[in-house]
Amino acid sequence: MEVKKLFLDRKIRISKSYLQLIEYKKQDYRDKFNDLMDILLPEIKEYAENWLGRAEIAHHIEKGKYKVEDFMGELYIATYDHIEETLEDKRLYVWMLGKINQIMEDKIVDDSFDSTFFKSINEYVEQEQSSMDERLTVNDEGEVVLEDSLDDTMNDKADKKYRYTVDEAFVDHDDNDIIENLNKQLKPEDVDSAIRRIIQTSTLQEKSIIDLYIVHSLSIVEISEVTKIESKNVQIVISQLQRNIVQLTGDN
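Conventions and cut-offs
Residues numbered from 1 in each chain as written. Predicted model: local features only at pLDDT ≥ 70, side-chain atom pairs only at ≥ 80, totals over all residues. Heavy atoms only, no water. Helix = DSSP H or I, 4+ residues; strand = E, 2+ residues; numbered from the N terminus. Areas by Shrake-Rupley, 256 points an atom, 1.4 Å probe, with all protein chains shown as cover. Core = buried A, V, L, I, M, F, W, Y, C linked by side-chain atoms within 4.5 Å. Buried < 20%, exposed > 50% of the residue type's maximum accessible area, 1.4 Å probe, protein only. Contact = heavy atoms within 4.5 Å. Expected span 1.5 Å × (residues − 1). Axes fitted to C-alpha atoms, helices over the stretch in contact; angles between N-to-C directions. Left-handed = near helix turned anticlockwise from the far one by under 90°. Nonpolar A, V, L, I, M, F, W, Y, C, P; charged D, E, K, R; others polar. Parallel < 35°, antiparallel > 145°, perpendicular 65-115°, else oblique. Polar contact = N/O pair within 3.5 Å; in protein donor to acceptor, adjacent residues only side chain to side chain. Phe/Tyr/Trp six-rings, centres within 6.5 Å; stacked < 30°, edge-to-face > 60°. Lys NZ or Arg CZ within 6 Å of the ring centre and 35° of its normal.

(A) Representation of the overall build of the protein chain in the model. Regarding its fold elements, the protein chain presents 15 helices and 2 strands. Of the roughly 12900 Å² that the protein chain leaves accessible, carbon and sulfur atoms contribute 46%.

Below you can see the structure in the form of structure tokens.
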């Protein structure tokens, strides 16, 4: 999968560039530091774009009020000032995803946004741990459909260009027989359609968790670090996603 490989390659390149960024900072080469960041961060910028787009769709923020470029500029400054805090190269990618998440949330809260939206994230996930269940069904023609259909224009840009697979949705699952069975029973296009529709009807927090898990290949612990959502609640979202996919085969 070309898009997935691009994300993984970028993650590796960011890790390998860690020492170079540290050296540019020591030499006070701010321009060179920023130039290297420009090369490294397309995927993190795309994550920020999707986050803002989803927040706009959910009416959590006013459409067009915020520009991704402003947040990315703050990320560059924060990374320059605090890059040593990541401690090791393999943590830099996760650290920067967490930092852009924090920058966006802090800015929106500072601008009189309802701060309880962020403060109650963990409580919300716990209360709504069944919210992803029963969102999909199969009609008489064998097509995967939403029980409550939504306008396709709500799909994220990432969803339109990315093809989701069983292997990626179950990457942390310890039962290989389930994965093998799903791949045998479900067509790749049905899996992709199912996951996109789950994302389409998910909350902003659920969307971010699934995005970070599948597209950015982050672990449960890393997703918790980025989103500040407790690991157990991140696991709830991933488990619900997996359960919905299993239900498409009729195996509950």
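(B) Summary view of the nonpolar core. Leu41, Met96, Ile100, Ile195 and Ile214 are the most contacted members of the largest nonpolar core, which totals 67 residues. For this core, the element with the highest residue contribution is helix H6 (residues 92-110), accounting for 10 residues. When neighbours within four sequence positions are excluded, Ile195 is seen to be in contact with Tyr164, Thr165, Ala169, Ile214, Leu241 and Ile245.

(C) Spotlight on helix H15 (residues 231-247). When the terminal C-alpha atoms of H15 are compared, their 24 Å separation across 17 residues agrees well with the 24 Å that a helix rising 1.5 Å per residue should span. Looking only at H15, the buried set comprises Asn233, Val234, Ile236, Val237, Ile238, Gln240, Leu241, Gln242, Asn244, Ile245 and Val246.

(D) Structural detail: unusual backbone geometry. Notably, Ser217 is not glycine yet its phi reads approximately 60 degrees, a positive angle. For Ser217, the location among the structural elements is in the loop between helix H13 (204-215) and helix H14 (220-227). We classify Ser217 as partly exposed; its relative accessible area is 26%. A positive phi angle is found at Lys228, which is not glycine, with a value near 65 degrees.

(E) Structural view of the packing of helix H12 (residues 188-200) against H13. Closest axis-to-axis distance for the H12/H13 pair is 9 Å, and the angle between their directions is 145 degrees. Seen from above, H12 lies across H13 with left-handed handedness. Two secondary-structure elements touch here, H12 through Ile195, Ile198, Ile199 and Gln200 and H13 through Lys207, Ile210 and Ile214. Taken together, the residues of the contact of H12 with H13 break down into 5 nonpolar, 1 polar and 1 charged.

(F) Just the packing of helix H3 (residues 30-40) against helix H5 (residues 68-82), in detail. Here H3 crosses H5 at 120 degrees, and the two axes come no closer than 11 Å. Compared by their axis directions, H3 and H5 come out oblique. Two packed elements cross with a definite hand, and for H3 against H5 that hand is right-handed. Residues Arg30, Phe33, Asn34, Met37 and Asp38 of H3 touch H5, and the partners they reach there are Leu75, Tyr76, Ile77, Thr79 and Tyr80. Its residues placed into classes, the contact of H3 with H5 shows 6 nonpolar, 2 polar and 2 charged.

(G) Region of the structure containing the side chain of Thr227. Topologically, Thr227 is positioned in helix H14. The exposure class assigned to Thr227 is buried, which follows from its relative accessible area of 6%. Separated by 2.8 Å, the side chain of Thr227 and the backbone oxygen of Ile223 make a polar contact. Ignoring anything within four residues of it in the chain, the contact list for Thr227 reads Asn101 and Leu212.

(H) Structural detail: the environment of Ala48. In this fold, Ala48 is placed in helix H4 (residues 42-57). Separated by 53 residues in sequence, Ala48 and Asn101 place their C-alpha atoms 7.5 Å apart. Excluding anything up to four places from it in sequence, Ala48 contacts Val68, Ile100 and Met104.

(I) Quick look at the packing of aromatic side chains. Applying the stated criterion to the full structure yields 3 aromatic pairs. Arranged with centres 4.9 Å apart and planes meeting at 85 degrees, the rings of Phe33 and Tyr80 form a pair that is edge-to-face. Taken together, the residues Phe33 in helix H3 and Tyr80 in helix H5 connect sequence positions 47 residues apart. There is no split in this pair, since Phe33 and Tyr80 are both buried. Residue placement shows Arg30 over the ring face of Tyr80; its charged tip is 3.8 Å from the ring centre. Here Lys32 stacks its cationic end above the ring of Tyr29, 4.6 Å away from the centre of that ring.

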